[in-house]
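Structural characterization, general
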Amino acid sequence: MEQLVTSPDNPAPARSRTPHQLLQSAEQQASGVPRPNRRTRRTLAVTALFAAGALALSACGGDASAGGNDDGKNGQAGADAAAAKDASDAKIKVSSKDGATNASINDTGVKVTGGKLTDVKLTAADSGTAVAGAISADGTSWKPGAQLERGTKYKIVANAKDAKGRSATENASFTTVSSANSFIGSYTPDDGKTVGVGMPVSFNFDKVISNKKDVQSHIKVTSSSGQQVVGHWFGTQRLDFRPQDYWKAGSKVTMKIDLDGVKGGAGITGVQSKTVSFTIGRSQVSTVDMNTQTMTVKRDGKTYKRIPISGGSPDHPTYNGQMVISEKFEQTRMDGSTVGFGGEYDIKDVPHAMRLSSSGTFIHGNYWGASSVFGNSGTSHGCVGLRDSKGGGGDTPGKWFFNESLVGDVVVVKNSHDKTVPPDNGLNGWNLSWSDWQAGSAA
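Every value quoted in this text rests on a predicted model; they were computed, and no experiment measured them. Residues take numbers from 1 onward in each chain, read along the sequence in its written order. Per-residue local features are limited, in this predicted model, to residues with pLDDT of at least 70; the limit for side-chain atom pairs, both in listing and counting, is 80 or more; totals at the level of whole chains, interfaces and linings are taken over all residues. As a convention, hydrogens and water are excluded, and side-chain values are obtained from all of the structure's heavy atoms.

Think of it this way: any DSSP run of H or I at least four residues long counts as a helix, any run of E at least two long counts as a strand, and we number them from the N terminus. In terms of helices and strands, the protein carries six helices and 28 strands. Accessible area is worked out with a 1.4 Å probe on protein chains only. A residue is then buried under 20% of its type maximum, exposed over 50%, and partly exposed in between. Each of the 443 residues in the protein was classed as buried or not, and the buried ones make up 39%. With an accessible surface of roughly 24500 Å², the protein has 50% of that area assigned to carbon and sulfur atoms. Exposure was quantified through the Shrake-Rupley algorithm and a 1.4 Å probe, taking into account, for residues, occlusion by the shown protein chains and nothing else.

A word on the sheet that holds strand 10 (residues 185–188). Pairing between strands is defined by DSSP: at least two bridges between the two strands are required. Taken in spatial order, the four strands make up an open sheet running 10-12-15-14, and their pairing is antiparallel. Lying at the two open borders of the sheet, with one neighbouring strand each, are strand 10 and strand 14 (230–234). Averaged over all neighbouring strand pairs, the angle between strand axes comes to 20°, with direction disregarded. Pairing of strand 14 with strand 15 (residues 238–242) involves five bridges; the strand directions are antiparallel. Bridged to Gly 231 within strand 15 is Phe 241. As a rule, the C-alpha atoms of each element are fitted with a line to give its axis, helices using only the stretch in contact, and angles between N-to-C directions run from 0 to 180 degrees.

Turning next to a positive patch on the surface. Residues Lys 93, Lys 97, Lys 111 and Lys 143 make up a contiguous surface patch of positive charge. Assignment of secondary structure puts Lys 97 in the loop between strand 1 (91–94) and strand 2 (110–113). In this structure Lys 97 comes out as exposed when scored by relative accessible area, which is 67%. Only residues above 30% relative accessible area that lack a salt bridge enter a patch, with like-charged residues linked at up to 9 Å and the nonpolar side chains Val, Leu, Ile, Met, Phe, Trp and Tyr linked at up to 5 Å. For salt bridges, the criterion is a side-chain nitrogen of Lys or Arg within 4 Å of an Asp or Glu carboxyl oxygen. Under the counting rule used here, the positive set is Lys and Arg, the negative set is Asp and Glu, and His together with the chain ends is not counted. In this description, the location of a charge corresponds to atom NZ of lysine, CZ of arginine, CG of aspartate or CD of glutamate.

The subject of this paragraph is the packing of aromatic side chains. Pairing of aromatic side chains here covers Phe, Tyr and the six-membered ring of Trp, requires ring centres within 6.5 Å, and sorts the geometry by plane angle: under 30 degrees stacked, over 60 edge-to-face, intermediate tilted. Scanning the model with the defined rule gives ten aromatic pairs in all. Geometrically, the ring pair formed by Tyr 367 and Trp 368 is edge-to-face, given 5.0 Å between the ring centres and 85° between the ring planes. Taking relative accessible area as the criterion, Tyr 367 reaches 24% and is therefore assigned partly exposed. Of the residues examined, Trp 368 reaches a relative accessible area of 39% and is grouped as partly exposed. Aromatic ring contacts, followed pair by pair, group Phe 183, Tyr 187, Phe 203, Phe 205 and Trp 233 into a single cluster.

Pairing of strand 20 (residues 284–289) with strand 21 (residues 294–299), which is carried by six bridges, proceeds in the antiparallel orientation. Residue Gln 284 lies in a different strand from strand 21, and its bridge partner there is Arg 299. The turn linking strand 20 back onto strand 21 is made up of four residues, and Gln 293 within it adopts a positive phi angle of 50°. As judged from the six bridges shared by strand 21 and strand 22 (residues 302–308), these two strands associate in the antiparallel manner. The partner of Lys 298 across the bridge, within strand 22, is Thr 303. Remark: two residues form the turn of the hairpin made by strand 21 and strand 22, two consecutive strands paired antiparallel; Asp 300 in that turn has positive phi of roughly 50°.

Reported here for the second largest pocket is a volume of approximately 410 Å³. Taken together, 17 residues form the lining of the second largest pocket, with Asn 106, Asp 107, Thr 108, Gly 109 and Lys 143 sitting closest to its centre. Where the lining of the second largest pocket is concerned, the elements lending two or more residues are strand 1, strand 2 and strand 6 (141–144). Residue classes follow a fixed rule: Ala, Val, Leu, Ile, Met, Phe, Trp, Tyr, Cys and Pro count as nonpolar, while Asp, Glu, Lys and Arg count as charged, and any other residue, Gly among them, counts as polar. The residue makeup of the lining of the second largest pocket, split by class, is six nonpolar, seven polar and four charged. The method works on a 1 Å grid over the protein atoms by themselves. A cavity is a set of points holding a 1.4 Å probe that cannot get out, a pocket is an open set with protein on both sides within 12 Å along at least five of seven lines, and residues with an atom within 4 Å of a point line them. Grid points are joined across faces, edges and corners, and a volume is the space filled by probe spheres set on the points.

This part takes up the sheet that holds strand 26 (residues 362–366). With mixed pairing, the four strands of this open sheet are ordered in space as 24-25-26-27. The sheet terminates laterally at strand 24 (327–335) and strand 27 (384–387), the two strands that pair on one side only. The mean angle between the axes of side-by-side strands here comes to 40°, regardless of whether they run parallel or antiparallel. Here two bridges tie strand 25 (residues 346–355) to strand 26, and the two strands are oriented antiparallel to one another. Residue pairing in the sheet places Met 354 in a bridge with Ile 363 of strand 26. Here, two residues are considered to be in contact whenever any of their heavy atoms come within 4.5 Å of each other. Relative to the sheet, helix 5 (residues 397–404) contacts strand 24, strand 25, strand 26 and strand 27, its axis offset from that of strand 25 by approximately 45°.

This paragraph deals with the nonpolar core. Nine residue types can take part in a nonpolar core, namely buried Ala, Val, Leu, Ile, Met, Phe, Trp, Tyr and Cys, and a core is a set of them joined through side-chain atoms within 4.5 Å. The biggest cluster of nonpolar side chains holds 32 residues, and the ones touching the most others in it are Phe 203, Phe 205, Val 215, Ile 219, Val 221 and Phe 241. Elements supplying a minimum of two residues to this core: strand 12 (201–205), strand 13 (219–223), strand 15, strand 16 (252–258), strand 19 (273–280) and strand 28 (410–414). Excluding residues that lie within four positions of it along the chain, Val 221 makes contacts with Val 201, Val 229, Phe 241, Trp 247, Val 253, Thr 254 and Met 255. Counting residues in each nonpolar core, the second largest holds 24 residues, with Val 110, Trp 142, Tyr 154 and Ile 156 among its members.

Here the focus is the side chain of Thr 396. Of note, Thr 396 is situated in the loop between strand 27 and helix 5. The definition of a polar contact used here is a pair of N or O atoms within 3.5 Å, where within protein one atom must be able to donate a hydrogen and the other to accept one, and adjacent residues in sequence count solely through side-chain atom pairs. A distance of 3.1 Å separates a polar atom in the side chain of Thr 396 from the backbone nitrogen of Lys 399. Every residue in contact with Thr 396, bar those within four places of it in the chain, is listed here: Arg 387, Asp 388 and Ser 389.

Inspection of every chain in the model, using the stated rule, returns twelve salt bridges. Salt bridges linked by common partners bring Arg 333, Asp 335, Asp 346 and Lys 348 together as one network.

Counting through the fold element by element, Asp 335 comes out in strand 24. Non-local contacts of Asp 335, meaning those with residues more than four positions away in its chain, are made with Gly 342, Tyr 345 and Asp 346.

Our next topic: unusual backbone geometry. That bond from Thr 188 to Pro 189 is cis: its omega, 5°, falls within 30 degrees of zero. Position of Pro 189 relative to the elements: it lies in the loop between strand 10 and strand 11 (194–195). The phi angle at Gln 293 is positive, at roughly 50°, despite the residue not being glycine. Tracing the sequence through the fold places Gln 293 in the loop between strand 20 and strand 21. Among the residues examined, Gln 293 registers a relative accessible area of 5% and is labelled buried. The backbone of His 352 shows a phi angle near 50°, a positive value even though the residue is not glycine. Secondary-structure assignment places His 352 in strand 25.

Have a look at this one:
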């Protein structure tokens, strides 16, 4: 049987219709509803297929509520979780907070838990100058090798690794407390020194201290001898410490300075944190008798030597009292105009000079005076002179006493026609009674 191929240009031949089909056609025509032709039916079928395809594409894209519109957040969360899972166990902490403007100049450092530091770099931000430091033997901390400068911005980068070799890094920038907003105390004696039995601990602060009690309570001075040590304020910027009697020979004195962060007054904070210790040497106390123009040197309580001297003249007598050697100079210039004597003298090469007061009292070598004056008459402007040679050479009393003396040794002057040296003129607080000394304590 031959198959018929139909198309819009080749319609199928007309077929005979059943009565039922004729009836349906008549009803459609009567109702006015047009009957779709083959082209219309074909178009509808294609449209249906496209609709089905669209539904299928929507199903492949997933439900919008299932993350189709999350902007990748779920994916990022997964990445973050994975990174956190693989993060180093090393936790680094820099003592100075990032952005701080009043950081300590003493306590800057780095610590790590859960790992060990591999390197730390601290630099001054403006100059780029590196600050040397060292990682502890166990690798858990780092400290700079020197005190930081006040009012300076620093940058620090610290790196560490945990037991699995995973790295961690911490960065911080901070500025140390400014000079205007901090105070510091210059002190004597220095750490590690050996000094005489009369040496007090003396602080001179660079700002006026109104909160004396807190400042004094954060400086502890103790002695291995067990002697009680008390502080005494001279004005608002000087604080000295001493025991009731001279230090015991051979004892060790320790001062713990814990002023970092201590309020000294309105708008000023301490910046020092340090422990200093020094040793008391043998006991040497020398007594100058102006009546006899003689000095008797006693070592550990026994007479060591007697030396003829020439003290202050009747017009310029030497202070009486207990005076402590505070400085030693192989040679120095002595200009009368610097201590109120105008142009009366200016000796540029005074040998073997040792300071006894801030106002210019020295015990020193004298090469310009006649030998006959020593042991007989006072000729100086208030100093104690010992026979010496120009340039300090040879075997002279001046050289001997200089070599045998320590900073902190005591020189006592008696029978002078002058007053007793004020206790704050040099390191001469021994001229206050113990009760008066204690009365000057703020703690």
